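Each chain, letter by letter, is given below.
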2 protein chains.
Amino acid sequence: MRDVFEVGAQDGLARIGELDVPRAGVTVETPTLMPVVNPNLITVEPSRFVDEFGAELLITNSYIINSDDDLRERALDEGLHEMLGFDGAIMTDSGSFQLAEYGEIDTDTEAILRFQHDIGSDIGTPVDIPTPPDADREQAAAELETTQQRLELAETVDVGDMLVNAPVQGATQPDLREQAGAHAYGTALDLFPVGAVVPLMNQYRYDDMTEAVLAAKRGLGRDAPVHLFGAGHPMMFALAAALGCDLFDSAAYAIYARDDRYLTVSGTEHLDDLHYFPCDCPVCAEHSPQAVRGMAAGDRERLLAGHNLHVSFGEIRRVKQAIKSGTLMELVAARAHAHPSTLDGYRALLDHSDQLEASDPASKDAFFYTGAGSARRPEVHRHHQRLDRLDVDGDDVLLTEGDSNHRYDESWNVLPPFGPYPSALATTYPLTAETPARMDRAGYEAAAEGVCRLAEANPDTAFTLAHDDWPESALEAVPQRVSLYNAVRGE
Amino acid sequence: MRDVFEVGAQDGLARIGELDVPRAGVTVETPTLMPVVNPNLITVEPSRFVDEFGAELLITNSYIINSDDDLRERALDEGLHEMLGFDGAIMTDSGSFQLAEYGEIDTDTEAILRFQHDIGSDIGTPVDIPTPPDADREQAAAELETTQQRLELAETVDVGDMLVNAPVQGATQPDLREQAGAHAYGTALDLFPVGAVVPLMNQYRYDDMTEAVLAAKRGLGRDAPVHLFGAGHPMMFALAAALGCDLFDSAAYAIYARDDRYLTVSGTEHLDDLHYFPCDCPVCAEHSPQAVRGMAAGDRERLLAGHNLHVSFGEIRRVKQAIKSGTLMELVAARAHAHPSTLDGYRALLDHSDQLEASDPASKDAFFYTGAGSARRPEVHRHHQRLDRLDVDGDDVLLTEGDSNHRYDESWNVLPPFGPYPSALATTYPLTAETPARMDRAGYEAAAEGVCRLAEANPDTAFTLAHDDWPESALEAVPQRVSLYNAVRGE
């Protein structure tokens, strides 16, 4: 067990965690959002982060500070916390982003880690190589090797009780991401940012981002705190948490506000296009878009940044509450069905239901069927696997969505999307699921797959399936040897 | 045109409207939410409704006031507005609910309308008969006849410039609801509450509610302001607006707060189950569930009622912004995929895509494909209908998701869920749609239906469909005479 991070409540790969930051003397509850502070351009005073928004961590860039004489002197003199006016924990980035943007920087891992330590950072970062998505395999592998050397070097730098990030690279090559995760996890470093996913997020390639993060997670141990570096849009926090990410950082709140862009949990709006503020936050409850458009630029920027932070931290609370109540997949589904990109991410996530299943609790309060994606949730896979092991008593068994029938040795219930189950399990999760009256094909087909599994596991038993008018595509998936009875049509 | 209601921006059946309330001297913008005020039990002072939440109308019950000596005298003496401390418009109910609950009330339409007028109500209500859902046809028809007599009586009562509601009943019989809508619309009365849907909403039968409302809407003219009576849960405001409802009323904000229930746009939570407040509103940004649980009962109730109002009015703003930007169906989809009941409602709504299509704008900013339901949206139907009329130039036409090919006389583009379209239309709505990279079967099948329509309309043209690996279920729907080429597999 890594001693800086403790995993609490889990829901699939998502979890509530506690991150000890010894140098700051605080324990941060995750998932958490770190506002990014550009020391040259303060939009919202960091002192407001804690009281107004509940931020426990912020992130700033040590390379920018080091490159500016004034800032460098002040940071070395006063320390970062006093310079920024922030009591919580502070993470610093290293200049890797600048390296990726400009091709060259005038520092290295050892120097910048020492500098981060000297200015009082609580979590520092080495100089890794952020390989862009779609880089060819040769480049991705070569750059990953350099990153890994830097991590090994970082291990040897004496930084006291400052925690150190171990970025995970590998571009869009899942096996490299997985290998990078395993290597980083094997170091003595503390936090694990999944790096260079910003271009994927900027291009709304949430499916590719999902694949990259899930691959990194396969390499990392379950007790590794994972930071989705550059993830600042609230539309993807639920998805990112479902991928097992614990830390997010938002520069978006300020950058978007600067040109009148307004974040929502389903996308981005421009202030000019808003007739009403589609939001509950204190800023939007008190102001109208018309009034905000009429304000001076600075006031407008501060108000919009305030809204952007409120909606972001509100979504973090929503994600945390969903994890605690075991309903994160419902939240991810709701977000998925608001935008084609989050839908892609959700569908990619469901491709890896088995990976989610391993850490999904056996029981939760409720399973809500909220669309075809629900038929692919880990609970459905797990139930199908269980059908191989459940005992069937009798030679002639009725599987029914309706009443039992005494002509059969035994009756099992059938509930799409799970399929058949013995009635003794009717009050246990997930068979207590709430399902729509208008079930979809995917739900019936998953139930048919359950019937298949049961029939295969019990080759000597005769089965009859009494169904409430299932669609053809589901009935075709039921083995021929299972007798069919359409209870709605009585035939 | 009914002169009290003017319809502005439309999105499907939803619209922004302006309701003139002459007696109050105000014009109310719809969709709007009316907080219900129980004159015996004030949870939130009505004076706060306007400034804090943006309410323009409230609703209270004239029967309760009339049944209480004190309240009756005060109301007759001071007038409702002063008694409640509310400057906006006030609607009053008549006691029909009490009639439904207790079987008997000691007033009638004429007396209660006069009383409503005398206490200064701006919008009054006759005593209609709220037939419960699932009542047999005989009961529903007989009670509807009584309601219709009451509406005709109400027309004859002199109430000055007070507006009068014309409730639409008919239980769960669509033809009775439609007939009731047409009759009510034919009276001189002003607003049209769809009545007795509360039991359906309480039982989360949003599909049956959808059918009832859409039937009433078919009877009512487009310029009829429609009130979904008793609809106070924000989880269904988007759906209700998409059904063409203009007014909602919330008693829920107070009733739920009384026993520590907390409204969200995806359902109801109990305060005891909350570890975090899953919300952005001013109450939730400032307090934690732990702190609120520790408060005195009265303070707790007021705070929760405040949250319930914030989340409700925030959702109304979200709905209005979505109507203005033509994205209400995206919002309905997001809400649908958060709860099995709203999913049922959404699926029932999509069964009536043709009814929505008649008032859906020809062009909007963007069409987001956000799940299988999107394949059934009015825009898809409209495109398929248009395929019957578009000219095809050439004897041998390629329909392709990729590049054109000069071996053919002509090339058309293909985009699921719409199907084929001439490239000249590529920059026009809805063919500018944003679609997921991971399209679903429903989208491909709808595209295949488009191919069918085009082939049927052009029986002498040879078509080749070059598709990017469509699923079997879609390819089966393409007519045999259309040649198929799988561009991904090259075969």
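J.: Which parts of the structure should I look at to understand the overall build of chain A?
T.: From N to C terminus, chain A includes 21 helices and 18 strands. At 26 Å, chain A has a C-alpha radius of gyration in line with the 23 Å of a compact globule built from 491 residues. For chain A, the spread of C-alpha atoms along the three principal axes comes to 90 × 55 × 40 Å. For chain A, with 491 residues in total, the buried portion stands at 61%. Counting only carbon and sulfur atoms, one obtains 44% of the accessible surface of chain A, whose full area is about 18,100 Å². Counting 37 positive and 83 negative side-chain charges, chain A places the centres of these two groups 3 Å from one another.

J.: Is there a simple way to think about helix α20 (residues 441-457) of chain A in this case?
T.: Since there are 3.6 residues in each turn of an α-helix, residues three or four apart along the chain are aligned in direction. Over its 17 residues, α20(A) runs 24 Å from end to end, which matches the ideal 24 Å to within 8%, given 1.5 Å per residue. Within the span of α20(A), buried status applies to Ala442(A), Gly443(A), Tyr444(A), Ala446(A), Ala447(A), Ala448(A), Gly450(A), Val451(A), Cys452(A), Leu454(A) and Ala455(A).

J.: I would appreciate a short explanation of the packing of helix α8 (residues 174-186) of chain A against helix α10 (residues 206-219) of chain A in the present structure.
T.: Angle between the axes and distance between the axes: these two values describe a pair of packed helices. All names here are of chain A. One can describe the packing of α8 onto α10 by two numbers: an axis separation of 6 Å at closest approach and a directional angle of 40 degrees. Compared by their axis directions, α8 and α10 come out oblique. Viewed along their axes, α8 and α10 form a crossing whose handedness is right-handed. The segment α8 lies against α10, with Pro174, Arg177, Glu178, Gly181, Ala182 and Tyr185 engaging Ala212, Ala215, Ala216, Arg218 and Gly219. For the contact of α8 with α10, the residue count by class is 6 nonpolar, 2 polar and 3 charged.

J.: It is not clear to me how helix α19 (residues 378-387) of chain A should be interpreted in this structure. Could you clarify?
T.: Among the residues of α19(A), Pro378(A), Glu379(A), Val380(A), His383(A), His384(A) and Leu387(A) are the ones counted as buried. Contacts made by the buried residues of α19(A) are with α18 (353-357), β15 (410-415), β16 (419-422) and α20 of chain A.

J.: Explain the sheet that holds strand β16 (residues 419-422) of chain B to me, please; I cannot follow it from the model alone.
T.: Think of a sheet as strands paired side by side through backbone hydrogen bonds, with each pair either parallel or antiparallel. Residue and element names in this part refer to chain B. Across the sheet, 5 strands lie side by side as β16-β15-β14-β17-β18; this open sheet has mixed pairing. Strands at the two margins of the open sheet, each flanked by one partner only, are β16 and β18 (483-486). Pairwise comparison of adjacent strand axes, ignoring direction, gives a mean angle of 30 degrees for this sheet. As judged from the 4 bridges shared by strand β15 (residues 410-415) and β16, these two strands associate in the antiparallel manner. Counted as the bridge partner of Val414 is Pro420 from β16. Taken strand by strand, helix α20 (residues 441-457) contacts β14 (396-400), β15, β16 and β17 (462-467), and its axis lies near 55 degrees from that of β16.

J.: How should a negative patch on the surface be read in this particular structure?
T.: All names here are of chain A. Taken together, Asp3, Glu6, Glu18 and Asp20 make up a surface patch of like negative charges. Residue placement: Asp3 occurs in the segment before β1 (5-11). With relative accessibility at 70%, the residue Asp3 sits in the exposed group.

J.: Whenever I open this one, the relation of the copies chain A and chain B confuses me. Can you help?
T.: What relates the pair of chain copies is a rotation about an axis plus a shift along that axis. Overlaying chain A on chain B yields an RMSD of 0.0 Å, the required transformation being a rotation through 180 degrees with an accompanying axial translation of 0.0 Å. Given the turn and translation reported, the copies of this chain are related as if by a two-fold rotation axis.

J.: Looking at this structure, how should I read the pairing of strand β13 (residues 267-270) of chain B?
T.: If a strand is regular, its side chains alternate between the two faces of the sheet. Residues and elements named next belong to chain B. One ladder, built from 4 bridges, connects strand β12 (residues 261-264) with β13; its direction is antiparallel. Among the inter-strand pairings, Leu263 is bridged to a residue of β13, identified as Thr268. Between β12 and β13, which pair antiparallel one after the other, the connecting turn spans 2 residues.

J.: In this structure, what is going on with the interface of chain A and chain B? I would like to understand it.
T.: Interfaces are frequently sized by the accessible area removed from exposure as the parts join. Of the residues lining the interface, 54 residues belong to chain A; the matching set on chain B comes to 54 residues. The largest contributions to the chain A side of the interface with chain B come from Tyr276(A), Asp280(A) and Arg438(A), which together make up 20% of the buried area. Taken together, the links from chain A to chain B amount to 12 salt bridges. Residues Arg318(B) and Asp280(A) are paired through a salt bridge, measuring 3.2 Å at the closest nitrogen-oxygen approach.

J.: Help me understand the sheet that holds strand β2 (residues 14-21) of chain A in this model?
T.: Residue and element names in this part refer to chain A. What the 3 strands build is an open sheet, ordered β1-β2-β3; its pairing is antiparallel. Where the open sheet ends on each side, the last strands, each with one partner, are β1 and β3 (26-30). Within this sheet the neighbouring strands show an average axis-to-axis angle of 15 degrees, counted without direction. Note: β2 against β3, 5 bridges, orientation antiparallel. Across the sheet, residue Gly17 finds its bridge partner in β3, namely Thr30.

J.: Explain the pattern of salt bridges to me, please; I cannot follow it from the model alone.
T.: Here the idea is simple: oppositely charged side chains can pair when their charged atoms come close. Under the definition given, this model contains 68 salt bridges over all chains. The partner of Arg382(B) in a salt bridge is Glu357(B), with the nearest N and O atoms 2.4 Å apart. With Arg382(B) in helix α19 (residues 378-387) and Glu357(B) in helix α18 (residues 353-357), this pair connects stretches of sequence that are 25 residues apart. Exposure remark for Arg382(B): the relative accessible area of 22% places this residue in the partly exposed category. For Glu357(B), a relative accessible area of 17% corresponds to the buried category. Taken together, the shared-partner salt bridges connect Asp11(A), Glu330(A), Asp360(A), Lys364(A), Arg377(A) and Glu379(A) into one network.

J.: Would you explain the packing of aromatic side chains in this entry?
T.: Remark: the centre distance and the inter-plane angle together describe each pair of aromatic rings, the angle taken between the planes. All names here are of chain B. By the definition in use, this model includes 18 aromatic pairs over all chains. Aromatic side chains Tyr185 and Phe192 sit 6.3 Å apart centroid to centroid with 50 degrees between the ring planes, which places their arrangement in the tilted category. Residue classification places Tyr185 among the partly exposed residues on the basis of a relative accessible area of 26%. Phe192 sits in the buried class, given a relative accessible area of 0%. When the ring of Phe237 is compared with that of Phe248, the centres are 5.1 Å apart and the planes differ by 15 degrees; the resulting orientation is stacked. Here Phe248 lies in strand β11 (residues 247-250) and Phe237 lies in helix α11 (residues 237-242), a separation of 11 residues in the sequence.

J.: Help me understand the packing of helix α6 (residues 109-118) of chain B against helix α7 (residues 137-156) of chain B in this model?
T.: Residue and element names in this part refer to chain B. Their axes nearest at 10 Å, the elements α6 and α7 cross at an angle of 45 degrees. When the axes of α6 and α7 are compared, the pair comes out oblique. Crossing geometry of α6 relative to α7 is assigned as right-handed. On α7, the residues touching Thr109, Glu110 and Leu113 of α6 are Arg150, Leu153 and Ala154. The class makeup of the residues in the contact of α6 with α7 is 3 nonpolar, 1 polar and 2 charged.

J.: In this structure, what is going on with the environment of Thr60(B)? I would like to understand it.
T.: All names here are of chain B. Its place among the elements puts Thr60 in strand β5 (residues 57-61). A residue is classified by how much of its surface remains accessible, and Thr60, at 2% relative accessible area, is buried. Along the primary structure Thr60 and Met201 are separated by 141 residues, whereas in three dimensions their C-alpha atoms are 20 Å apart. Among all residues touching Thr60, those that are not within four sequence positions of it are Val37, Pro39, Ile65, Leu80, Leu84, Ile90, Met91, Thr92 and Asp93.

Here is what the cut-offs are and how they apply
Residues numbered from 1 in each chain as written. Chains lettered and ligands numbered in written order. Predicted model: local features only at pLDDT ≥ 70, side-chain atom pairs only at ≥ 80, totals over all residues. Heavy atoms only, no water. Helix = DSSP H or I, 4+ residues; strand = E, 2+ residues; numbered from the N terminus. Rg over C-alpha atoms; globule rule 2.2 N^0.38 Å. Buried < 20%, exposed > 50% of the residue type's maximum accessible area, 1.4 Å probe, protein only. Areas by Shrake-Rupley, 256 points an atom, 1.4 Å probe, with all protein chains shown as cover. Lys, Arg positive; Asp, Glu negative; His and termini not counted. Charge placed at Lys NZ, Arg CZ, Asp CG, Glu CD. Expected span 1.5 Å × (residues − 1). Axes fitted to C-alpha atoms, helices over the stretch in contact; angles between N-to-C directions. Parallel < 35°, antiparallel > 145°, perpendicular 65-115°, else oblique. Left-handed = near helix turned anticlockwise from the far one by under 90°. Contact = heavy atoms within 4.5 Å. Nonpolar A, V, L, I, M, F, W, Y, C, P; charged D, E, K, R; others polar. Pairing = 2+ DSSP bridges. Patch = residues over 30% accessible without salt bridge, like charges linked within 9 Å, V, L, I, M, F, W, Y side chains within 5 Å. Salt bridge = Lys/Arg side-chain N within 4 Å of Asp/Glu carboxyl O. Least-squares fit on C-alpha atoms with pLDDT ≥ 70 in both. Buried area = accessible area lost by both parts, 1.4 Å probe. Phe/Tyr/Trp six-rings, centres within 6.5 Å; stacked < 30°, edge-to-face > 60°.

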